[in-house]
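As a plain string of letters, each chain reads:
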Amino acid sequence: MKPLGALEPTLVFVEIRSASFHAHTGLTGVDLPIERGPDGHLTPASAAAATAALQGLLGTKTWLSRIRVCCAIGSRGVLLRPVSLPVTAPAELSRLLQLKIESELPLPPEALAWGWLTLPNAGPTDAATPRQEVLVAAVKKEVIEEYAAILGPVDPDPMFTVAALARMALVPIDQRAFAVLDIGPTQSELTLMEAGVPPSVQLLPWGENRWLDSLSSRLGQTRDEAVATLASLPNRDGTDRNDAMDAALEEAVSALAEILPKTARDRPLWISGPPVLAQLLAGRLGGTHPVGVLPVPIHPGQTAATLGSELSLVSRPGRKPLSLLLLQIKHTDSPDRAVRAFPRRQVAIAAALLVGVLAFPYIEALLFQPRLARRLAGLKGNDTQFATIDRELSFLRYLELNQSPHLDAAFVIAQAAPQGVRLNSLSMNRHGEISLSGFLQNLAQVGDFRLKLINSGFFSTIVVEDQSPTPDRQRINFRITGRWKSAAEREALALGPVLPEPASGKGSVSNSATSPKTPTGTNSATVTTNPVPTHGSAPTNSASVTNTASKPLPSDH
């Protein structure tokens, strides 16, 4: 079973003759006699039988895939007319043809089922007014609607074409002028084709019944017995026929030669119809021009028209589909609705890509499993090293979270100290309490020093507890206490010296600990940290700071 068969449309080719119904899909087909009433329409019983035969031919395929039906109809009642129109876009061609049909045909386009086929140009045309040849076929809409009702249960939108034009697809393409004779029960269709001339179809009042009547009279049998006699012949080419058959054939060929147009004799003639009669006529009508039989296999439901429709619509390797005239009731801008073969290769590639995408994660896991196993084993071997790293990292994080900002506090005090300040003592503890004492030149420097410490944002409280002059009245002794802010509040502060930007150029660049905006001068400080007492008392840090900066920090903003 083909995995993509369910996605492929099932193509059914049908030919409805005056007294028979033929349909096939692949090598399976059905042949069914039908009856018509006095008005030429199919009887209800025949229409129902044709629908049932078509449904029985498809069987369970009607729900497995989409059904497309192409039906070839006889030439009776069909009008073929060549039309010359200016070269225009396909969208405008349909409108021009509707106007042409309305002006030249007795029925309006709305009452007709019609279609067209663009013909190749017969020769050079005037470049100023280029024109194109179009073959128009039209038939009464009621004829197509009757056949569409029969095919509707299988395909709601069947395609219709002219059987005489479909048969021409079986003729070898190297013949530019030929004739096709299709033998029917009571009449035959003669199609004439010549390069540069639109095809024409003639109905000849000669058919298979003419020969069967002559044969039955000579054999003394009824027509049904004569048909059975022909079917019992072992050779389909008629080489085992008897004298009565030869005499009946001569009589039938003479009647055909009388009504056969001269234009059909001056070109190769191809015959289609009952195999035995077609072979016999091909041998009798041979003359200056060859006479052959269209290659129609002897299978149920296969006729020259159904095979020609299949060759025209279905693309096959090495051959493009031919153009086929399609009759339509509702017209669009394009007359071509050719059925294309299902793109098996593209769908197979797409399915393979989809399977590959879905299976890629599993394939990748299988391919890289050995490599990942080796890496995992190596990582497990480093568990001891990782444990040591974790302990050291935990210790460093503990120090980071619990260290006191002694250096940051000393840096802030040094930056805020006025010019000429001398610190006698500086003490800090882990609770954030600081105390510093020293002397300044005047009281204004004490207030400025306190204000700068507060504006630094590092301290929450700064209190001047003592400010008194020295015995010589030259300097002011001071003592300041305070408390720094919590760690969360200090995170937003930018403390520490600012490194200068790297100098552009090829010269060497050295980083200085002094910001480029720092005033000229030096701040020197000596800090002595006392060891932490063992009995829980707060540690103290003492420092001696000498500030000789030539310019103090800016005051409060």
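Refer to the structure above for everything that follows.
Residues numbered from 1 in each chain as written. Predicted model: local features only at pLDDT ≥ 70, side-chain atom pairs only at ≥ 80, totals over all residues. Heavy atoms only, no water.

J.: Where do I start with the overall build of the protein in this structure?
T.: The helix and strand tally for the protein stands at 15 helices and 20 strands. When the 557 residues of the protein are sorted by exposure, 36% land in the buried category. Considering only contacts in the protein between residues 6 or more positions apart, those separated by 24 or more positions represent 62%. For the protein, the exposed area adds up to about 32000 Å²; of that, 57% sits on carbon and sulfur atoms. (Helix = DSSP H or I, 4+ residues; strand = E, 2+ residues; numbered from the N terminus. Buried < 20%, exposed > 50% of the residue type's maximum accessible area, 1.4 Å probe, protein only. Contact = heavy atoms within 4.5 Å. Areas by Shrake-Rupley, 256 points an atom, 1.4 Å probe, with all protein chains shown as cover.)

J.: I'm lost on the environment of Glu 489 in this one. Help?
T.: Tracing the backbone through its elements, the reader meets Glu 489 in helix H15 (residues 487-490). Judged by relative accessible area, Glu 489 falls into the partly exposed class, the value being 48%. Along the chain, Glu 489 and Phe 458 lie 31 residues apart, while their C-alpha atoms are 8.4 Å from each other.

J.: Can you help me understand the pattern of salt bridges in this one?
T.: Side chains that differ in charge, positive against negative, can pair when their charged atoms come close. According to the stated counting rule, one finds 15 salt bridges in the structure shown. Between Arg 167 and Glu 15 there is a salt bridge whose closest N-O contact spans 3.3 Å. Highlighted residues: Arg 167 in helix H5 (residues 163-167) and Glu 15 in strand S1 (residues 10-16), separated in sequence by 152 residues. When its relative accessible area of 2% is taken as the criterion, Glu 15 is described as buried. Linking Arg 479 and Glu 465 is a salt bridge whose minimum nitrogen-to-oxygen distance equals 2.6 Å. Taken together, the residues span a long stretch of sequence, with Arg 479 in strand S18 (residues 476-484) and Glu 465 in strand S17 (residues 459-469) at a distance of 14 residues. (Salt bridge = Lys/Arg side-chain N within 4 Å of Asp/Glu carboxyl O.)

J.: What is the right way to read empty space enclosed by the protein from this model?
T.: Over the atoms, a rolled probe matching the size of one water molecule traces out where space is still vacant. Applying the stated criterion across every chain yields a total of one cavity of 30 Å³ or more. Put simply, the largest cavity is a space of about 80 Å³. Leu 79, Arg 81, Val 83, Leu 97, Lys 100, Ile 101, Glu 104, Leu 105, Val 136 and Ala 138 together form the lining of the largest cavity. Contributing elements (two or more residues each) for the lining of the largest cavity: strand S5 (79-86), helix H3 (90-104) and strand S7 (131-140). Tallied by class, residues from the lining of the largest cavity come to seven nonpolar, no polar and three charged. (1 Å grid on protein atoms, 1.4 Å probe; cavity = no way out; pocket = protein on both sides within 12 Å on 5 of 7 lines; lining within 4 Å. Points joined across faces, edges and corners; volume = space filled by probe spheres on them. Nonpolar A, V, L, I, M, F, W, Y, C, P; charged D, E, K, R; others polar.)

J.: Where do I start with the environment of Arg 17 in this structure?
T.: Topologically, Arg 17 is positioned in the loop between S1 and strand S2 (20-25). Residues Arg 17 and Ile 73, spaced 56 residues apart in sequence, show a C-alpha to C-alpha distance of 6.6 Å. Apart from residues lying up to four places away in sequence, Arg 17 is in contact with His 22, Ile 34, Arg 36, Arg 167, Asp 182, Ile 183 and Gly 184. A polar contact of 3.2 Å, which involves the side chain of Arg 17, links it to the side chain of Asp 182. (Polar contact = N/O pair within 3.5 Å; in protein donor to acceptor, adjacent residues only side chain to side chain.)

J.: I keep staring at unusual backbone geometry and nothing clicks. Help me out?
T.: With the exception of glycine, the majority of residues adopt a negative phi angle, and the majority of peptide bonds are in the trans configuration. Non-glycine residue Arg 473 carries a positive phi angle of around 60 degrees. Mapped onto the secondary structure, Arg 473 falls in the loop between S17 and S18.

J.: Could you clarify how one ought to interpret the sheet that holds strand S8 (residues 159-162) in this entry?
T.: Within a sheet, neighbouring strands are paired by backbone hydrogen bonds and run either parallel or antiparallel to one another. If you trace the six strands from one edge of the open sheet to the other, you get S3-S2-S1-S4-S8-S14, paired in mixed fashion. Each edge of the sheet is formed by a strand with only one pairing partner; in this case those strands are strand S3 (28-33) and strand S14 (326-327). Judged from the four bridges that link them, strand S4 (residues 67-73) and S8 form a sheet pairing that is parallel. Opposite Cys 71, over in S8, you have Phe 160 as the bridge partner. With respect to the sheet, helix H10 (residues 304-313) is in contact with S1, S2, S4 and S8, its orientation differing from that of S1 by roughly 140 degrees. (Pairing = 2+ DSSP bridges. Axes fitted to C-alpha atoms, helices over the stretch in contact; angles between N-to-C directions.)

J.: Would you mind going over a nonpolar patch on the surface with me for this structure?
T.: A grouping of Ile 363, Leu 367, Phe 368 and Leu 372 is seen on the molecular surface, where their side chains present a nonpolar patch of about 400 Å² in accessible area. Checked against the element boundaries, Phe 368 lands in helix H11 (residues 344-381). (Patch = residues over 30% accessible without salt bridge, like charges linked within 9 Å, V, L, I, M, F, W, Y side chains within 5 Å.)

J.: Help me out: how do you make sense of H3 in this one?
T.: Count 3.6 residues to each turn of an α-helix, and residues three or four apart come out pointing the same way. The terminal C-alpha atoms of H3, which comprises 15 residues, lie 21 Å apart, in line with the 21 Å expected from a rise of 1.5 Å per residue. Where H3 is concerned, the buried positions are Leu 93, Ser 94, Leu 97 and Ile 101. Projection of H3 onto a plane perpendicular to its axis shows the buried side chains occupying an angular sector of 100 degrees, all on one side. Opposite the packed face of H3, turned more than 90 degrees from it, sit the exposed residues Leu 99, Glu 102 and Ser 103. Structurally, H3 contributes buried residues whose contacts are with S5, strand S6 (112-119) and S7. (Expected span 1.5 Å × (residues − 1). Arc of directions from axis to C-beta.)

J.: What's the story with the sheet that holds S5 in this structure? I'm lost.
T.: Across the sheet, which stays open at both edges, the three strands sit in the order S5-S7-S6 with antiparallel pairing between neighbours. This sheet does not close on itself; its edge strands, each paired only once, are S5 and S6. Here the strands of the sheet are splayed against their neighbours by 30 degrees on average, with no regard to which way each runs. For S6 and S7, the ladder comprises eight bridges, and the chain directions are antiparallel. Within S7, the position partnered with Ala 113 by the bridge is Val 139. Each of S5, S6 and S7 is contacted by H3, which is oriented at about 120 degrees to S6, the strand it contacts most. Against the sheet, helix H4 (residues 141-151) contacts S6 and S7, and its axis sits at roughly 65 degrees relative to S7.

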